[in-house]
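This is what each chain is made of:
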Amino acid sequence: MRYLKSILVVAVLAIASAFTTNIEDSYKIGDTVEDFKLKNIDDKMVSLSDYPEAKGFIIVFTCNMCPYSVANEDRIIALDKKYKGSGYPVIAINPNDPKAMPGDGFAEMKVRAKEKGFTFPYLLDEGQKVYPKFGASRTPHVYIVSKPEMKLEYIGAIDNSSRNPNKVTEKYVENAVDALLAGKKPTKTETRAIGCSIKTL
Amino acid sequence: MFSCNKESSKSEFKEITTVKSYTYNELKPMLERADGKTYVINFWATWCAPCVKELPAFEKIKEEYKEKNVEVILVSLDFPKHVDKRLIPFINKKKLQSKVVLLDDVNEDFWIKAIDSTWSGALPATLIYNSKKRAFFEKNFEYETLEKEVQSFL
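As the structure is a prediction and not an experimental result, all values here were calculated from the model.

(A) Broad picture of the overall build of chain B. Secondary structure summary: chain B contains five helices and seven strands in total. Going from N to C terminus, chain B has its helices and strands arranged as β-α-β-α-β-α-β-α-β-β-β-α. Here the C-alpha radius of gyration of chain B, 16 Å, is about what a compact globule of 154 residues would show, namely 15 Å. With respect to the three principal axes, the spread of C-alpha positions in chain B is 50 × 35 × 25 Å.

(B) Representation of the environment of A:Pro186 within the structure. All names here are of chain A. Among the secondary structure elements, Pro-186 is positioned in the loop between α5 (172-181) and β9 (195-197). Since 19 C-beta atoms lie within 10 Å of it, Pro-186 is described here as partly exposed. Spatially, the C-alpha atom of Pro-186 lies 7.5 Å from that of Tyr-154, the residues being 32 residues apart in sequence. Excluding anything up to four places from it in sequence, Pro-186 contacts Glu-153, Tyr-154, Asn-175, Ala-176, Ala-179 and Leu-180.

(C) Representation of the pairing of strand β3 (residues 70-76) of chain B within the structure. Residues and elements named next belong to chain B. Within β3, five of the seven residues are buried, which leaves it mostly tucked inside the rest of the structure. Pairing geometry for strand β2 (residues 38-44) and β3, over seven bridges, is parallel. Looking at β3, one finds that Trp-44 is bridged to Ser-76. The parallel pair β2 and β3, bridged by helix α2 (residues 49-64), forms a crossover whose chirality is right-handed. In the sheet, β3 pairs with strand β4 (residues 99-103) via four bridges, with the strands oriented parallel. Among the inter-strand pairings, Ile-73 is bridged to a residue of β4, identified as Lys-99.

(D) Structural detail: the sheet that holds β4(B). Residue and element names in this part refer to chain B. Judged by pairing direction, the sheet is mixed, and its six strands sit side by side in the order β1-β4-β3-β2-β6-β7 without closing on themselves. The outermost strands of the open sheet, each flanked by one partner alone, are β1 (21-22) and β7 (134-137). As defined by bridge partners, β1 adjoins β4 across two bridges and the pair is classed as parallel. Its bridge partner lying in β4, Tyr-22 is registered against Leu-103.

(E) Seen up close, helix α3 (residues 106-116) of chain A. Residues and elements named next belong to chain A. Every buried residue belonging to α3 is among Met-109, Arg-112 and Ala-113, and all of these are buried. All buried residues of α3 fall inside an arc of 100° around its axis, so they share one side. Of the exposed residues in α3, those oriented more than 90 degrees away from the buried face are Ala-107, Lys-114 and Glu-115. Close packing links the buried residues of α3 with β4 (90-94) and β5 (122-124). Looking one or two places after α3, you find Gly-117, whose phi comes out positive at around 65°.

(F) Structural context of the interface of chain B and chain A. Counting residues at the interface gives 16 residues for chain B and 17 residues for chain A. No other element matches the four residues that helix α4 (residues 108-115) of chain B contributes to the side of chain B that touches chain A. For the side of chain B that touches chain A, the per-class residue count stands at ten nonpolar, three polar and three charged. Relative to strand β5 (residues 122-123) of chain B, β9(A) runs parallel, the two sharing two bridges. Looking at the pairing, A:Gly195 lines up with B:Ala122 of β5(B).

(G) Structural context of the sheet that holds β5(B). Ordered in space as β6(A)-β9(A)-β5(B), the three strands form an open sheet in which the pairing is mixed. Where the open sheet ends on each side, the last strands, each with one partner, are β6 (138-139) of chain A together with β5 of chain B.

(H) Spatial organisation of the confidence of the model for chain B. All names here are of chain B. In the predicted model, chain B carries a mean pLDDT of 93, and 93% of its residues have values of at least 70. Every residue in residues 1-8 is under pLDDT 50, and counting partners more than four places away or in other chains gives zero contacts. What the predictor reports for the complex is a pTM of 0.87 with an ipTM of 0.84.

(I) View of the nonpolar core. Core analysis: the largest hydrophobic core is formed by 80 residues, its most contacted members being A:Ile58, A:Tyr143, A:Ile144, A:Val173, B:Val40 and B:Leu123. Those residues in contact with A:Tyr143 that lie beyond four places of it in its chain are A:Ile59, A:Phe134, A:Leu152, A:Tyr154 and A:Ile155.

(J) A look at the packing of α2(B) against helix α5 (residues 143-151) of chain B. Residue and element names in this part refer to chain B. Across the interface, α2 lies against α5 with an axial gap of 9 Å and an inter-helix angle of 45°. Between α2 and α5, the angle is such that the two are oblique. Considering only the axes of α2 and α5, their crossing is right-handed. Contacts between α2 and α5 pair Ala-57, Lys-60 and Ile-61 from the former with Tyr-143, Leu-146, Glu-147 and Val-150 from the latter. For the contact of α2 with α5, the residue count by class is five nonpolar, no polar and two charged.

(K) Representation of unusual backbone geometry within the structure. Looking along the chain, the bond that leaves A:Thr139 and enters A:Pro140 is cis, with omega of -10°. Along the chain, A:Pro140 falls in the loop between β6 and β7 (141-146). In this structure, B:Pro124 follows B:Leu123 across a cis peptide bond, with omega equal to 0°. Along the polypeptide, B:Pro124 turns up in the loop between β5 and β6 (125-129).

Cut-offs used in this document
Residues numbered from 1 in each chain as written. Chains lettered and ligands numbered in written order. Predicted model: local features only at pLDDT ≥ 70, side-chain atom pairs only at ≥ 80, totals over all residues. Helix = DSSP H or I, 4+ residues; strand = E, 2+ residues; numbered from the N terminus. Rg over C-alpha atoms; globule rule 2.2 N^0.38 Å. Buried ≥ 20, exposed ≤ 12 C-beta atoms within 10 Å, placed from the backbone. Contact = placed C-beta atoms within 7 Å. Pairing = 2+ DSSP bridges. Right-handed = clockwise from strand over helix to strand, strands pointing away. Arc of directions from axis to C-beta. Nonpolar A, V, L, I, M, F, W, Y, C, P; charged D, E, K, R; others polar. pLDDT = per-residue confidence, 0-100. Core = buried A, V, L, I, M, F, W, Y, C linked by C-beta atoms within 7 Å. Axes fitted to C-alpha atoms, helices over the stretch in contact; angles between N-to-C directions. Parallel < 35°, antiparallel > 145°, perpendicular 65-115°, else oblique. Left-handed = near helix turned anticlockwise from the far one by under 90°.

So this is what it looks like as structure tokens:
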């Protein structure tokens, strides 16, 4: 009987944890990232498997309304321009629920992407299902994935001065991608920066 | 000529003209005082909607708990270039009574971890501490939940 009870307790705990989206359950450095399929601002669906030529991806959770995201838009465009050709394109994902943040709706995403001339897909995380898997907590929040194993190589900030591009002394994402392109591991794999909390209801 | 201001319940508020800017090393002593007081340190910005929403809760704590040795400090992470145009007018408009300081330090990766190992950098965030206890919250507060946390320090 005691044995049965303990099995029951374990089962209940397992079920409970299966239904909570916990930061502890999200991807860690070295983990394999699952593909996703999300709607792009051109109304087409985009998956990582749509990029057979890519060597990896610079996945950026960002949005329209967060001033820290806006302050980093030019840097995100520059990353795509610099690394798309060598095999690391930027894939931007807006994790915010437009019901919680009206300015981050799909129509507004289209407008912002056009205004800024985004050179990369800008995807809507409909139903907010993808960002919790990555454990993204803020915008902007960057994840670098390498192929062919779809391995998570880097989590964090674009550089060490999110508020002022003129004071940047260390470019974390560029350093990480340069290392990967040279067949090495990034020296810094996790960094932090101030950002906006992800808005959900 | 606007002397008849019946709406203002916070008549003691004095308009400010400056906000002091700190590097992390300059701010650090404010985050580890052991003087018998309990400090509620809120990290926020004028552009952060959930931060602005929860500010009245912090203002109320300052008012309701000032006799109990609780001090509230609002650490703004506004863009330094927006201090004069946005932060100072915001403080004056909202008549914020709590002390407001600006944290302007580029080395975010260092000081975010130093402030708390669990902080990802998202705003709002709140540190509550005294000489005996310390807790960090990367979340939004309502007055009741904030008061409950503050009371656990007293």
